[in-house]
Amino acid sequence: MPRRRIGFWYRLAAVICKPPLVVLIKRDWRGMENIPAEGGFITAVNHNSHVDPFAYAHYQYNTGRVPRFLAKSGLFKKGFVGAAMRGTGQIPVYRESTDALSAFRAAIDAVERGECVAFYPEGTLTRDPDGWPMTGKTGAARVALQTKCPVIPVAQWGCNELLPPYAKKPNLLPRKTHRVLAGPPVDLSRFYGREMTAEVLKEATEVIMAAVTRQLEEIRGEKAPETPYDPRRERIEQRRRTQAQAQARARAQQAEQAEGQST
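For the structure given in this document, a descriptive report is provided here. Residue numbering note: each chain is counted from 1, following its sequence as written. Confidence filtering applies because this is a predicted model: local features only for residues at pLDDT of at least 70, side-chain atom pairs given and counted only at 80 or more, and all residues used for totals across whole chains, interfaces and linings. No hydrogens and no water enter the side-chain calculation; it runs on all heavy atoms of the structure.

## Digging into unusual backbone geometry
The residue after Leu173, namely Pro174, is reached through a cis peptide bond having omega -5°. Of note, Lys148 is a non-glycine position whose phi angle comes to about 60°, a positive value. The secondary structure listing takes helices from DSSP runs of H or I that are at least 4 residues long and strands from runs of E that are at least 2 residues long, numbered from the N terminus. Positionally, Lys148 belongs in the loop between α6 (139-147) and β6 (151-157). Exposure categories follow from relative accessible area, calculated using a 1.4 Å probe and restricted to protein chains: below 20% of the type maximum is buried, above 50% is exposed, and the middle band is partly exposed. The exposure class assigned to Lys148 is partly exposed, which follows from its relative accessible area of 48%. Even without a glycine there, the phi angle at Tyr166 is positive, about 70°. Note on placement: Tyr166 falls in the loop between α7 (159-162) and β7 (176-182).

Here it is in C-alpha cells:
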C-alpha cells in the first residue's frame, strides 16, 4: 500500500508514542488490506479504553493512511496542544453550531480532500458491562451519507485489559495484546439519495455499529448481545428505578405513620 505524505507533526507524535506502545502491548493486527489506498474514507472504531486511541492510531499509521480524529474545537486554539492538533491534521468539531451538518463540515471537507477521518461513533468509552459496542451517535453516518465515502468498520480489543474503562491505574503484567480487525466497507447504498431524517441517520448508524460489532465478535470469539447497550435508555430506566424507590419509601413512611396513629 503506498504511503502518503504524513508530515512533521504526525511523525513527531509517532516518535513520542510508538516506543511505549511497543513496550506495553503486543500486536495482533488484521484487515489492513481493507484500508483504502486512495481517496477519502471513514473508519468507525469501538472505544473501550483511554489508551486505545493511541494504539489504534499506531495501527492506522502503519497502513500509510493516518487517521484524522474528531475533537472539540477548543483544543485547537492555543498552546502546544493546539499546535499539535493543527499540525497532525485533527478535525475540529464545532458543537456550538445549530446546524448538525455544519458541525461536521471540517470532517466532510477532510474526506473530500482524500483524508481518512476516524470516528468513535459511541461518543465515549463503552458502558456495556462486558465491553461490547453501545448504540452509536449519528455523526459518522451523517458524513458518510453526505460524501458517499467508504466506511470501514474497525474493532479493537486488548487496551481495555491494560487500562479498563474508567480505571485509574493500568494493569501492566502480564503484557497485553492489542487486537485490531478492519472489515470491508459497510454497504450504505440503500440510504443514498434519501433525505437525511433522524430515522434514516439512526438506521444507517445501526448498520455501521452492527458491522463494528461483527468484527469484535470475530476478535473475541464470542457472540454480542442481540440488543446493544443504550446509555440513554439506561438513564431513563435508572430514573424510573429511583422514582419507584422514592415512592416505595414514601409509602412505607406513610404506613409507619398510620400505624403509629392507630396505636
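## Brief notes about the packing of aromatic side chains
Working definition: a ring pair exists when centres of Phe, Tyr or Trp rings (six-membered ring for Trp) sit within 6.5 Å. Plane angles under 30 degrees give stacked, over 60 give edge-to-face, the rest tilted. Inspection of the entire model under this criterion finds 8 aromatic pairs. Ring centres of Tyr56 and Tyr59 lie 6.2 Å apart, and the angle between their planes is 25°; on these two criteria the pair is classed as stacked. Linking Tyr56 with Tyr59, this pair stays in helix α2 (residues 52-61), spanning 3 residues, or about one helical turn. For the ring pair Phe104 and Phe119, a centre distance of 6.2 Å and an interplane angle of 40° mean the geometry is tilted. Here Phe119 lies in strand β5 (residues 116-119) and Phe104 lies in the loop between α4 (100-103) and α5 (105-112), a separation of 15 residues in the sequence. Like Phe119, Phe104 is buried.

## Considerations on the packing of helix α1 (residues 8-24) against α2
Axis lines are fitted to C-alpha atoms, over the contacting stretch for helices. Their N-to-C directions set the angle, which ranges from 0 to 180 degrees. It is the contact of α1 with α2, at a shortest axis distance of 10 Å, that shows an interaxial angle of 115°. Considering how the two elements wind past one another, α1 and α2 form a crossing that is left-handed. Between α1 and α2, the contacting residues are Tyr10, Arg11, Ala14, Cys17, Lys18, Leu21 and Val22 on the first element and Phe54, Ala55, His58 and Tyr61 on the second. Rotating anticlockwise by less than a right angle from the far helix to the near helix defines a left-handed crossing, while the corresponding clockwise rotation defines a right-handed one. Any two residues having at least one pair of non-hydrogen atoms within 4.5 Å are treated as being in contact.

## Remarks on the packing of α5 against α6
Contact geometry of α5 with α6 gives a least axis separation of 10 Å together with a crossing angle of 45°. Between α5 and α6, the interaxial angle falls into the category oblique. For the crossing formed where α5 meets α6, the hand is right-handed. Residue-level contacts link Ala107, Ile108, Val111 and Glu112 of α5 to Val143, Gln146 and Thr147 of α6. Three classes are used: nonpolar for Ala, Val, Leu, Ile, Met, Phe, Trp, Tyr, Cys and Pro, charged for Asp, Glu, Lys and Arg, and polar for all others, with Gly counted as polar. Split into classes, the residues belonging to the contact of α5 with α6 amount to 4 nonpolar, 2 polar and 1 charged. These descriptions rest on fixed angle ranges, namely under 35 degrees for roughly parallel, over 145 for roughly antiparallel, 65 to 115 for roughly perpendicular, and the rest for oblique.

## What to know about the layout of surface pockets
Estimates place the volume of the largest pocket at around 1500 Å³. Here the term cavity refers to a set of points on a 1 Å grid, laid over the protein atoms alone, in which a 1.4 Å probe fits but cannot get out; the term pocket refers to an open set having protein on both sides within 12 Å along at least five of seven lines, with lining residues being those that place an atom within 4 Å of a point. Together, 47 residues line the largest pocket, and Pro53, Phe69, Leu70, Ala71 and Met85 are the ones closest to its centre. Those elements that place two or more of their residues in the lining of the largest pocket are α1, α2, β3 (67-72), α3 (79-87), α4, β5 and α6. With 9 residues, the single largest contributor to the lining of the largest pocket is α1. Here the lining of the largest pocket is composed, by residue class, of 32 nonpolar, 10 polar and 5 charged. Volume-wise, the second largest pocket comes out at about 810 Å³. Taken together, the elements giving at least two residues each to the lining of the second largest pocket come down to α8 (198-220) and α9 (231-262). Grid points are joined across faces, edges and corners, and a volume is the space filled by probe spheres set on the points.

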